[in-house]
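Structural description and commentary
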Number of protein chains: 2
Amino acid sequence: MYRVKVYVTLKPSLLDAQGKVVKGAAVNLGYDEVENVRIGKFIELSINENTKDVNTAVEELCSKLLANTVIENYKYEIEKE
Amino acid sequence: MYRVKVYVTLKPSLLDAQGKVVKGAAVNLGYDEVENVRIGKFIELSINENTKDVNTAVEELCSKLLANTVIENYKYEIEKE
């Protein structure tokens, strides 16, 4: 079994409205030291170990399904178990 | 500046409905090798470097604001820049 961790983040040039709200909430709770918050997705995939080319499969899954590449970046780590 | 990465995941015993949908979409796209998908949040915090106890601050932020500890687990990494 391959365990894949995918990190999808909004491109740095884009305003992260959800992050802004969370930052405001943190400050309201008294955590003034929080200067910026950006919120992305963390996706864990389990992929059958008989897959021929797991790198290509994960790359395609990220670009076609998991991330919107117009506004998001992605990174992934593949571990064999 | 401290850069903190927070990973929030649904507890393993709980059904991840969003993950199930994404898994179905992956199979429909022809990626039958995808056996399981779980979707969580990836949160990046920037915290002022004058913070006295950054570990406690991050721990409290996670448990009070970023994760719902009834249904979610969290992990974090703190890096000083």
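Placed above this text is the structure.
What counts, and where the lines are drawn
Residues numbered from 1 in each chain as written. Chains lettered and ligands numbered in written order. Predicted model: local features only at pLDDT ≥ 70, side-chain atom pairs only at ≥ 80, totals over all residues. Heavy atoms only, no water. Salt bridge = Lys/Arg side-chain N within 4 Å of Asp/Glu carboxyl O. Helix = DSSP H or I, 4+ residues; strand = E, 2+ residues; numbered from the N terminus. Pairing = 2+ DSSP bridges. Axes fitted to C-alpha atoms, helices over the stretch in contact; angles between N-to-C directions. 1 Å grid on protein atoms, 1.4 Å probe; cavity = no way out; pocket = protein on both sides within 12 Å on 5 of 7 lines; lining within 4 Å. Points joined across faces, edges and corners; volume = space filled by probe spheres on them. Nonpolar A, V, L, I, M, F, W, Y, C, P; charged D, E, K, R; others polar. Buried < 20%, exposed > 50% of the residue type's maximum accessible area, 1.4 Å probe, protein only. Lys, Arg positive; Asp, Glu negative; His and termini not counted. Polar contact = N/O pair within 3.5 Å; in protein donor to acceptor, adjacent residues only side chain to side chain. Contact = heavy atoms within 4.5 Å. Expected span 1.5 Å × (residues − 1). Arc of directions from axis to C-beta. Parallel < 35°, antiparallel > 145°, perpendicular 65-115°, else oblique. Left-handed = near helix turned anticlockwise from the far one by under 90°.

What about the pattern of salt bridges?
A side chain with one charge may pair with a side chain of the opposite charge, provided their charged atoms come close. All names here are of chain A. What the rule picks out here adds up to 2 salt bridges over all chains. Between Arg3 and Glu81 there is a salt bridge; the shortest N-O distance is 2.9 Å. With Arg3 in strand β1 (residues 2–10) and Glu81 in the segment after β3 (72–80), this residue pair connects regions lying 78 residues apart in the sequence.

Regarding the sheet that holds β3 of chain A
Read across the sheet, 6 strands follow the order β3(A)-β1(A)-β2(A)-β2(B)-β1(B)-β3(B) without closing on themselves; strand pairing throughout is antiparallel. Because the sheet does not close on itself, it has two edges, and the strands there are β3 of chain A together with β3 (72–80) of chain B. Taken over all neighbouring pairs, the strand axes of this sheet differ in orientation by 20° on average, direction set aside. Direction of pairing for strand β1 (residues 2–10) of chain B relative to strand β2 (residues 34–47) of chain B: antiparallel, over a ladder of 7 bridges. Following the sheet pairing, Val6 of chain B is matched in β2 of chain B by Ile43 of chain B.

Things to note about the pairing of β1 of chain A
Inspection of the sheet shows β1 of chain A paired to β3 of chain A by 9 bridges, in the antiparallel sense. When the bridges of β3 of chain A are listed, Tyr2 of chain A appears paired with Lys80 of chain A.

Notes on empty space enclosed by the protein
Using a probe with the size of a water molecule, rolled over the atoms, empty space left in the structure can be pinpointed. Counted by the stated rule, this structure contains 1 cavity of 30 Å³ or more. Empty space within the largest cavity amounts to approximately 40 Å³. Contributing to the lining of the largest cavity are Phe42 and Glu44 of chain A together with Thr9, Leu10, Asp16, Arg38, Ile39 and Gly40 of chain B. Elements that contribute at least two residues to the lining of the largest cavity include exactly β2 (34–47) of chain A together with β1 and β2 of chain B. For the lining of the largest cavity, the element with the highest residue contribution is β2 of chain B, accounting for 3 residues. A per-class count over the lining of the largest cavity returns 3 nonpolar, 2 polar and 3 charged.

Looking at the side chain of Arg38 of chain B
With respect to the helices and strands, Arg38 of chain B occurs in strand β2. We note that Arg38 of chain B is buried and unpaired, the nearest opposite charge coming from Asp16 of chain B at a distance of 4.7 Å. Looking at Arg38 of chain B, its side chain comes within polar contact range of the main-chain oxygen of Lys11 of chain B, at 3.0 Å. Among residues more than four places away in sequence, those in contact with Arg38 of chain B are Phe42, Ile43 and Glu44 of chain A together with Leu10, Lys11, Pro12, Leu14 and Asp16 of chain B.

Observations regarding helix α1 (residues 17–28) of chain A
End to end, α1 of chain A covers 17 Å across 12 residues, agreeing with the expected 16 Å (1.5 Å per residue, within 8%). Those residues of α1 of chain A that fall on the buried side of the exposure criterion are Gly19, Val22 and Ala26 of chain A. Burial along α1 of chain A is one-sided: seen end-on, the buried residues are contained in an arc of 65°. Away from its buried face by more than 90 degrees, α1 of chain A exposes Lys20, Val21 and Asn28 of chain A. For α1 of chain A, the secondary structure elements touched by its buried residues are β2 of chain A together with α2 (54–66) of chain B. Among the residues of α1 of chain A, the N-terminal cap falls to Asp16 of chain A, whose side-chain oxygen and the backbone nitrogen of Gln18 of chain A are separated by 3.3 Å.

Brief notes about the packing of helix α2 (residues 54–66) of chain A against helix α1 (residues 17–28) of chain B
The contact between α2 of chain A and α1 of chain B brings their axes to 11 Å, and the two run at 115°. It follows that α2 of chain A is roughly perpendicular to α1 of chain B by the angle criterion. α2 of chain A and α1 of chain B meet at a crossing whose hand is right-handed. For the pair formed by α2 of chain A and α1 of chain B, the contact residues are Leu61, Leu65 and Leu66 of chain A on the first element and Val22, Ala25 and Ala26 of chain B on the second. Of the residues that constitute the contact of α2 of chain A with α1 of chain B, the class distribution is 6 nonpolar, no polar and no charged.

That's the geometry; what it means functionally is another story.
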